[in-house]
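# Chain and residue survey
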Amino acid sequence: MKIKSATFTVSALNLKSCPAAIMPEVAFIGRSNVGKSSLINLLAEQRNLARVSDLPGKTQLINFFTINGNWRLVDLPGYGYAHISQTKRADFNEAVADYLEGRENLRHTFVLIDSRLPPQDIDREFISWLAGRGVPFALVFTKADKQSATQTQASIARFQQVVLTGLHPAPTIFVCSAKTKAGRKEILACIAGILGRRT
Ligand SMILES: Nc1nc2c(ncn2[C@@H]2O[C@H](COP(=O)(O)OP(=O)(O)OP(=O)(O)O)[C@@H](O)[C@H]2O)c(=O)[nH]1
Ligand SMILES: [Mg+2]
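Residues numbered from 1 in each chain as written. Chains lettered and ligands numbered in written order. Predicted model: local features only at pLDDT ≥ 70, side-chain atom pairs only at ≥ 80, totals over all residues. Heavy atoms only, no water.

### Some thoughts on the nonpolar core
In terms of nonpolar packing, the biggest core is built from 31 residues, with Ile-62, Leu-76, Tyr-99, Leu-100, Val-111, Ile-127 and Leu-139 touching the most fellow members. Broken down by secondary-structure element, the contributors of at least two residues to this core are strand E2 (25-30), strand E3 (62-67), helix H2 (94-102), strand E5 (106-114), helix H3 (121-132), strand E6 (137-142) and helix H4 (149-164). Within the second largest apolar cluster, 29 residues are counted, among which are Ile-40, Leu-43, Leu-49 and Leu-188. (Core = buried A, V, L, I, M, F, W, Y, C linked by side-chain atoms within 4.5 Å. Buried < 20%, exposed > 50% of the residue type's maximum accessible area, 1.4 Å probe, protein only. Helix = DSSP H or I, 4+ residues; strand = E, 2+ residues; numbered from the N terminus.)

Shown next, in the form of structure tokens:
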């Protein structure tokens, strides 16, 4: 899919204040600092569309970016950041839960996982919560440039064993790097398929 335009639309504090559901949306979620905003910039081919930071917890609002005037990338606040208050539903932001459960035009969610880490409890809990609600999602293993391809594959294999066994259907898995641009084409092709657009 060609990205002809990518513009920031609005930030929302909660589901109620999200923009009118007039175009399909694809959302990005994962632990704080995993690389959600970086991946959005990579997909949009813009350096500073979504704000990237070394400090975890940078993205605290639901940020909407309109692509080609007819669909949206949605940057969700990260989970697992100690300064964000815990909710009863899980250790992640309530606005995120509302959005994922209640957004009628949400077509697909990409859950980002740091490819360098062993399976984290918070990722397991989040994925189990998501799967339990029937929200369609794929996994993206981020920061692949920081280690060898063999290490990344080993990390994915461990994640499949520990987190994904028993999940049906098994989610599609992508590997990406905001630095080398690996994974960009594959993720965009997946989005094109979901949106029913030409690649
Ligand atoms: N080397 C490398 N660094 C990355 C990659 N993706 C993100 N980073 C770095 O990781 C840090 C966090 O990236 P962000 O994109 O801000 O992460 P985020 O998930 O949006 O973080 P929050 O908004 O705080 O939840 C930044 O310093 C990025 O430059 C990658 O693929 N490779
Ligand atoms: Mg961010």
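### A short note on the environment of Ala-154
Relative to the assigned elements, Ala-154 resides in helix H4. Overall, the relative accessible area of 39% leaves Ala-154 in the partly exposed class. A C-alpha to C-alpha distance of 13 Å links Ala-154 and Asp-114, two positions 40 residues apart in sequence.

### Some points on unusual backbone geometry
Here the bond from His-168 into Pro-169 is cis, since omega is 0°, no more than 30 degrees from zero. Note that Pro-169 resides in the loop between H4 and strand E7 (173-175). Backbone geometry places Asn-33, a non-glycine residue, at a positive phi of 80°. For Asn-33, the position within the fold is in the loop between E2 and helix H1 (36-44). Residue Asn-68 is not a glycine yet carries a positive backbone phi of 50°. Relative to the elements of secondary structure, Asn-68 occurs in the loop between E3 and strand E4 (71-75).

Purely spatial values, then, with no claim about function.
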